[in-house]
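Summary of the model geometry
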Protein chains: 2
Amino acid sequence: MSMIVNRRDIDFYLYELLDLEELLKNDRYKEHDRDTVTAILDLAQQIAEEAFLPCAAELDEHEPVFEAGRAITPDSLKACLKTFVEAGLPAATFDASLGGMQLPMLVANFMQGIFQAANGSAVGYIFLTTSNAHMLEACGSDALRARYLPPLVEGRWFGTMCLSEPHAGSSLSDIRCMAEPLGDGSFKLTGTKMWISGGDQDVSENIIHMVLARTPGAPAGVKGISLFLVPKYRVTETGEIGDFNHIALAGLNHKMGQRGITNTLLNFGEGGDCLGYLVGAEHEGLKNMFHMMNEARIGVGMGAAMSGLAGYLYSLDYARNRPQGRHPGIKDPNSPMLPIIEHADIRRLLMEQKVTVEGSIALLSYCTQLVDQQEMAEDAAEKERLTLLLELLTPVAKSWPSEYTLEANKHAIQILGGYGYTREYPVERHYRDNRLNPIHEGTHGIQGMDLLGRKVNLAGGVTLSIFEEEMQPALQAAAGSETLAAMGEALTDIWQLVKRTVETVNQEADTVARLSSATPFLDAFGHVAIAWLWLRQAVIAREALQNGAQADADFYEGKVAACQFFYRYHLPQAAEKLRYVASQDRSVLDTQASWFTGQ
Amino acid sequence: MSMIVNRRDIDFYLYELLDLEELLKNDRYKEHDRDTVTAILDLAQQIAEEAFLPCAAELDEHEPVFEAGRAITPDSLKACLKTFVEAGLPAATFDASLGGMQLPMLVANFMQGIFQAANGSAVGYIFLTTSNAHMLEACGSDALRARYLPPLVEGRWFGTMCLSEPHAGSSLSDIRCMAEPLGDGSFKLTGTKMWISGGDQDVSENIIHMVLARTPGAPAGVKGISLFLVPKYRVTETGEIGDFNHIALAGLNHKMGQRGITNTLLNFGEGGDCLGYLVGAEHEGLKNMFHMMNEARIGVGMGAAMSGLAGYLYSLDYARNRPQGRHPGIKDPNSPMLPIIEHADIRRLLMEQKVTVEGSIALLSYCTQLVDQQEMAEDAAEKERLTLLLELLTPVAKSWPSEYTLEANKHAIQILGGYGYTREYPVERHYRDNRLNPIHEGTHGIQGMDLLGRKVNLAGGVTLSIFEEEMQPALQAAAGSETLAAMGEALTDIWQLVKRTVETVNQEADTVARLSSATPFLDAFGHVAIAWLWLRQAVIAREALQNGAQADADFYEGKVAACQFFYRYHLPQAAEKLRYVASQDRSVLDTQASWFTGQ
């Protein structure tokens, strides 16, 4: 059993839950079929297991260091990234004209996921680069794309996104970084950016930063933000690397986890001119940056799910092999010890991981398919429908896996007991790595406000109707099944509760009060989306079992059991959260700052 | 504002929620009054803030190392423990005849708590020593006590507890360590012990291990376990330190957190004879060890609560001082940024910490008062009543704080955002430290089985009746209050649900099935106990507010608001957990080992 991937499960998402084969019929993907997809996943698994997994613990223990103004990374990091790049994997999703493979995002997402499970922080450099290059491809001028895209796609150069500043983490309207036009189409950048992942490293030949900054006289707030491409080393017209572009590394942050990827404080324009180039129109920086952020948000959700998966698979293997104790009620101390998977509470801890991790993967792969479908859609109305659905689900896809697979990692540690708490075993590392995910790319709280404050009411609230439509086939199939009918009814009921809750909340005139329980709403809405995807999985599994899926019977039985557990244990608690949101309780909101400790 | 203690809150527990002054009327405590208690807490706070808090981050970054078979600890650890010992604090609870202060456990618990909040792993050496010495005092022979107690009480020697072995962590019936009688009253120890906190260090002059081992011919299982005192260095009749007693340090475990206290693998009798001395009767080792374990379990709960408190106070201070963003709906980007405590979701994250942390402290101080009251009780029936109540609540007091203040620490990180995820701020350390608490001193799952499998049915189920009686005064007081009546009714309802759940579960004949949801039961039962203690706090606070408690109005308002939030948000979810337990769902239990991944 692999410790980072369950290939049977990936096939389930690609070909049973979703419909990759239908997607591959699009002209863009004509070079691909099930065999080429299998081959790319085989390659990914091989490189991940042979190059990335073995150095994950070492990278965590020996993180990159700050020396003489530079970030020095361990050789093991350089070696595994080199393998990745040489295999051509950075080009997975890009156009053939750029040397890319033109794979659907749905496939790339699993390819990336395998690496995230093996060594999330190492591969972070690459995936930031991919998102960076996608944004450049979508928003950059022909000249910028010609000069900067090829080396990014090849993986010779890496990319970053530079949004936050020390005084403005979540509050982008307050950023102060300046970009002054030099008259020749270039700009002079000054200012400080904070929390920049991969902001400096000694792995790639160059680093291409995507930087939010203000132009002189720009309006205050987010409407005055523009987006700039700012290379670490300037690039000549022929694409050669030139002079240092005066981006000073002021320091590295020392994180709890995700230690393999540098996290930097950068001073643009310190010690000399720092040149940047406008990407997209002036003052439209935030809108363009969202092109990268939406992709990154799904990537964060997938990274979380993969930390969860790695912990799940490791603790499952441990639970099957570690003998300890006997069933309660067994009085004979000479009877043999049981593998701990036989203990009810260990099995519960595994099931908690399974429902969370596989539920998350289902949601993320579903959303990634939406990305592809939206790209491929020729009908404008259909494209708009898919876009709205994706808008609704993006905060959920980022947040629910981040919050709940962290719980899954907690359970993985618990299964290993004291061993799990030591750095000799990987499960505590996954837990530490995963703790970042509810923070970056928009905190959990901000995603909640995005969902309840904006997304559920988008286009006059049609987003919820679109999602409701999507749920119908599973609800209809469940209604006809003895095993699943009760779950279908439960989903229908909680969905009505979601809608009533939104209606109630929308009636509150005061914006602060209206959004005060946005986070519990986000969590509960996530449970509903995951419950739907579990029902879909169970419908497929029941059907397969009825059709006599001999070889895979265990796999399908597990899907049905997990669905049942999620509906019986988790869904009723989510309903209570929704009732709380609908009650518009003010006990937190009315608490004054001085009440917390009375001083 | 102190970052480790809210003295107003401690006074609330000691003199308003509980009745320390009544306790101090006992002859044993006649040297103490409110002033001496304040003085000892002042001293503890001063030493904790000046000696323990400043080196907490350093101890975490530079943990003890294994060199040439010895554990070498940082100088900062030695220095802060020296300060503690020189202040005479290790003797807090011991008899005056031993040079002790004869303080109630209730006071000692808060004194210890202040250190746990400042630097939990450093002070762990001392509290293990205290529990070790309490057990020796309770179970040891006069000769053993005369020789070993004084240096332990003085803090010149430290103590440990040695239960687990590499192949037997939770399963004590399988331990193999042997103790062979030498005919002179001493025993020769052989075997390996794992996960021994403080098992080696270079701080104290000697280390006194309390070791579970089997004598030749002892029955299999826990009925054949005896308890031995085993010193690192032998001790002469006159109490001088003699030869090495051949306890080889085989290695240190490298933990995620709690790094200041060594965690060791020890080989007893490697390289020479290792002598030990029976404590209590042969074959009664586990019973005697429980004397130490019950105290340690409350200590673990308190340590968890204090990690939670330290994160809460730190993030509260940060939230009051960090400006970021504006209220949703404020469109003017030139308006000033708000301190983040003004954001509803930050306030929610603070409230989540408050209800969990202060609820935990209330439970633990209540239980510690039970320990004192039980010691002081002269009436046999009353003593038995208190003992049963404490038996019922010990698994809850160990577990609920461990599980839920870990969540609180997660929220503290979230409030600090990216900063919270770095090692430059203490909140991530508290989160890592706290993760141990659901594992050691009996895992979360084992505490659940103790509660549902044994404690709720102890003495014919009278434990639940005793607890129900304890709840009556708060329920009666709430019934007469407009603000609190609904909460009193909710508590009555969920308590009926607890009782019905226990009745339903008890009808299940199969032990494995009966206990399969013991952990959700433990969690929900903990919520009920915490809800009761919040209601008690709110009753007191309402009364104080009605009586016009001007200076403390904010403090009391905070207690009422927290109680409301806990009842409105958390209690309904706990009720759903109880309904799940009562439903005796078999979806996890029936899941086969092969179903999880289908292979």
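Note that this is a predicted model, so its numbers are computed, not measured.

1. Quick word on unusual backbone geometry
Excluding glycine, a negative phi dihedral is what most residues carry, and trans is how most peptide bonds are arranged. Residues and elements named next belong to chain A. You will see that Gln-102, though not glycine, has its phi angle at about 55°, which is positive. Secondary-structure assignment places Gln-102 in the loop between α5 (75-86) and α6 (105-139). Phi is positive for Gln-584, close to 50°, though the residue is something other than glycine. Relative to the elements of secondary structure, Gln-584 occurs in the segment after α17 (553-583). Relative accessible area serves as the criterion here: at 30%, Gln-584 is assigned to the partly exposed category.

2. A few points about the side chain of A:Gln102
Residue and element names in this part refer to chain A. Residue Gln-102 is classed as buried on the basis of its relative accessible area, which comes to 18%. At 2.8 Å, the side chain of Gln-102 forms a polar contact with the backbone oxygen of Arg-28. Among all residues touching Gln-102, those that are not within four sequence positions of it are Arg-28, Tyr-29, His-32, Ala-92, Thr-93, Phe-94, Asp-95 and Ala-96.

3. Structural notes on the packing of aromatic side chains
Following the criterion strictly, the structure yields 55 aromatic pairs over all chains and no others. Taking NZ or CZ as reference, B:Arg8 lies 4.4 Å from the ring centre of B:Phe555, over its face.

4. Digging into the interface of chain B and chain A
With 104 residues of chain B at the interface, the matching set in chain A holds 103 residues. Between chain B and chain A, roughly 9300 Å² of surface is buried when both sides are summed, and carbon and sulfur atoms account for 58% of that area. In this structure, B:Glu403 engages A:Lys410 in a salt bridge whose closest nitrogen and oxygen atoms are separated by 2.9 Å. Seen at the junction of chain B and chain A, the total is 63 residue pairs in polar contact (both at pLDDT 80 or more). For the side of chain B that touches chain A, the element with the highest residue contribution is helix α17 (residues 553-583) of chain B, accounting for 14 residues. Its residues assigned to classes, the side of chain B that touches chain A comprises 41 nonpolar, 35 polar and 28 charged.

5. Things to note about the relation of the copies chain B and chain A
For the pair chain B and chain A, the relating rotation is 180°, the translation along its axis is 0.0 Å, and the fit reaches an RMSD of 0.0 Å. Within this description, the copies of the chain are treated as partners about a two-fold rotation axis. Taking the C-alpha atom as reference, chain B places B:Gln573 closest to the rotation axis, 2.5 Å from it. Most of the interface of chain B is mirrored in chain A: 99% of its interface residues are interface residues there too.

6. Structural notes on the nonpolar core
Core analysis: the largest hydrophobic core is formed by 381 residues, its most contacted members being A:Phe52, A:Phe115, A:Phe525, A:Leu535, B:Phe115, B:Phe525 and B:Leu535. Setting aside its immediate chain neighbours within four residues, B:Phe115 contacts B:Ala44, B:Ile47, B:Ala48, B:Phe52, B:Phe84, B:Leu89, B:Gly120, B:Val123 and B:Phe127.

7. So, the environment of B:His444
If you trace the backbone, B:His444 turns up in helix α12 (residues 444-453). Dropping the residues within four chain positions of it, B:His444 is found in contact with A:Gln414, B:Ser399, B:Glu403, B:Pro438, B:Thr519, B:Leu522 and B:Asp523.

8. Some thoughts on the packing of helix α14 (residues 485-506) of chain A against helix α16 (residues 518-546) of chain A
Residue and element names in this part refer to chain A. At a minimum axis separation of 10 Å, α14 and α16 run at an interaxial angle of 150°. Considering their axes alone, α14 and α16 lie roughly antiparallel with respect to each other. Crossing of α14 over α16 shows left-handed handedness. Touching Met-487, Gly-488, Leu-491, Ile-494, Trp-495, Val-498, Thr-501 and Val-502 of α14 are Phe-521, Phe-525, Val-528, Ala-531, Trp-532 and Leu-535, all from α16. Within the contact of α14 with α16, the residues separate by chemical class into 12 nonpolar, 2 polar and no charged.

9. As for α16(A)
Residues and elements named next belong to chain A. Compared with the 42 Å implied by 1.5 Å per residue over 29 residues, the 42 Å span of α16 between its first and last C-alpha is a close match. Among the 29 residues of α16, 26 are classified as buried, and the element is accordingly described as predominantly covered. Remark: Gly-548 follows α16 within two positions and exhibits a positive phi of approximately 80°.

10. Concerning the pattern of salt bridges
Going through the model one piece at a time under the given rule, you end up with 80 salt bridges over all chains. For B:Asp174, the salt bridge goes to A:Arg326, with nearest N and O atoms at 2.6 Å. You can see B:Asp174 sitting in the loop between β3 (157-162) and β4 (178-181) and its partner A:Arg326 sitting in the loop between α8 (285-321) and α9 (344-376), one on each of two chains. Of the residues examined, B:Asp174 reaches a relative accessible area of 13% and is grouped as buried. Between B:Asp9 and B:Lys559 there is a salt bridge; the shortest N-O distance is 2.8 Å. In this pair, B:Asp9 is assigned in helix α1 (residues 7-17) and B:Lys559 in helix α17, connecting sequence segments 550 residues apart. With respect to burial, B:Asp9 and B:Lys559 carry one shared label: buried. Through salt bridges with shared partners, a single ionic network connects A:Glu403, A:Glu407, A:Lys410, B:Glu403, B:Glu407 and B:Lys410.

11. Quick notes on the pairing of β4(B)
Residue and element names in this part refer to chain B. Here β4 runs beside strand β5 (residues 186-197); their pairing, made up of 4 bridges, is antiparallel. Looking at β5, one finds that Ala-179 is bridged to Leu-189. Hairpin geometry of β4 and β5 is characterised by an intervening segment of 4 residues between the two adjacent antiparallel strands and by a positive phi of about 90° at Gly-183.

12. Observations regarding the confidence of the model for chain A
Per-residue pLDDT for chain A has a mean of 97; in total, 100% of the residues score no lower than 70. Both scores are available for the predicted complex, with the pTM at 0.98 and the ipTM at 0.98.

13. Considering a negative patch on the surface
Residues A:Asp19, A:Glu21, A:Asp33 and A:Asp35 make up a contiguous surface patch of negative charge. Mapped onto the elements, A:Asp35 comes out in helix α3 (residues 34-52).

14. A look at the pairing of strand β7 (residues 225-231) of chain A
The two faces of a sheet get side chains in turn, since along a regular strand they alternate between them. Residues and elements named next belong to chain A. Taken across its 7 residues, β7 has 7 buried, putting it largely inside the fold. Burial of β7 is two-sided: the residues Ile-225, Leu-227, Leu-229 and Pro-231 facing one way and the residues Ser-226, Phe-228 and Val-230 facing the other way are all buried. With 7 bridges joining them, strand β6 (residues 206-214) and β7 adopt antiparallel strand pairing. If you follow His-209 over to β7, its bridge partner there is Val-230. Both β7 and strand β12 (residues 275-278) contribute to a ladder of 2 bridges, which runs antiparallel. Residue pairing in the sheet places Phe-228 in a bridge with Leu-278 of β12.

15. Topic: α5(A)
All names here are of chain A. In this model α5 runs 16 Å from its N-terminal to its C-terminal C-alpha over 12 residues, within 8% of the 16 Å that 1.5 Å per residue would give. Along α5, the positions that sit buried rather than exposed are Ser-76, Leu-77, Cys-80, Leu-81, Phe-84 and Val-85. An end-on view of α5 places all buried positions within 170° of arc, on one side of the element. Facing away from the buried side of α5 by more than 90 degrees, the exposed set consists of Asp-75, Lys-82 and Glu-86. Looking at the buried side of α5, the elements it contacts are α3, α4 (56-61), α6, α7 (142-154) and β3 (157-162). In the segment just after α5, Gly-88 is the residue with positive phi, at about 80°.

Reading guide: rules and limits
- Residues numbered from 1 in each chain as written.
- Chains lettered and ligands numbered in written order.
- Predicted model: local features only at pLDDT ≥ 70, side-chain atom pairs only at ≥ 80, totals over all residues.
- Heavy atoms only, no water.
- Helix = DSSP H or I, 4+ residues; strand = E, 2+ residues; numbered from the N terminus.
- Buried < 20%, exposed > 50% of the residue type's maximum accessible area, 1.4 Å probe, protein only.
- Polar contact = N/O pair within 3.5 Å; in protein donor to acceptor, adjacent residues only side chain to side chain.
- Contact = heavy atoms within 4.5 Å.
- Phe/Tyr/Trp six-rings, centres within 6.5 Å; stacked < 30°, edge-to-face > 60°.
- Lys NZ or Arg CZ within 6 Å of the ring centre and 35° of its normal.
- Buried area = accessible area lost by both parts, 1.4 Å probe.
- Salt bridge = Lys/Arg side-chain N within 4 Å of Asp/Glu carboxyl O.
- Nonpolar A, V, L, I, M, F, W, Y, C, P; charged D, E, K, R; others polar.
- Least-squares fit on C-alpha atoms with pLDDT ≥ 70 in both.
- Core = buried A, V, L, I, M, F, W, Y, C linked by side-chain atoms within 4.5 Å.
- Axes fitted to C-alpha atoms, helices over the stretch in contact; angles between N-to-C directions.
- Parallel < 35°, antiparallel > 145°, perpendicular 65-115°, else oblique.
- Left-handed = near helix turned anticlockwise from the far one by under 90°.
- Expected span 1.5 Å × (residues − 1).
- Pairing = 2+ DSSP bridges.
- pLDDT = per-residue confidence, 0-100.
- Patch = residues over 30% accessible without salt bridge, like charges linked within 9 Å, V, L, I, M, F, W, Y side chains within 5 Å.
- Areas by Shrake-Rupley, 256 points an atom, 1.4 Å probe, with all protein chains shown as cover.
- Lys, Arg positive; Asp, Glu negative; His and termini not counted.
- Charge placed at Lys NZ, Arg CZ, Asp CG, Glu CD.
- Arc of directions from axis to C-beta.

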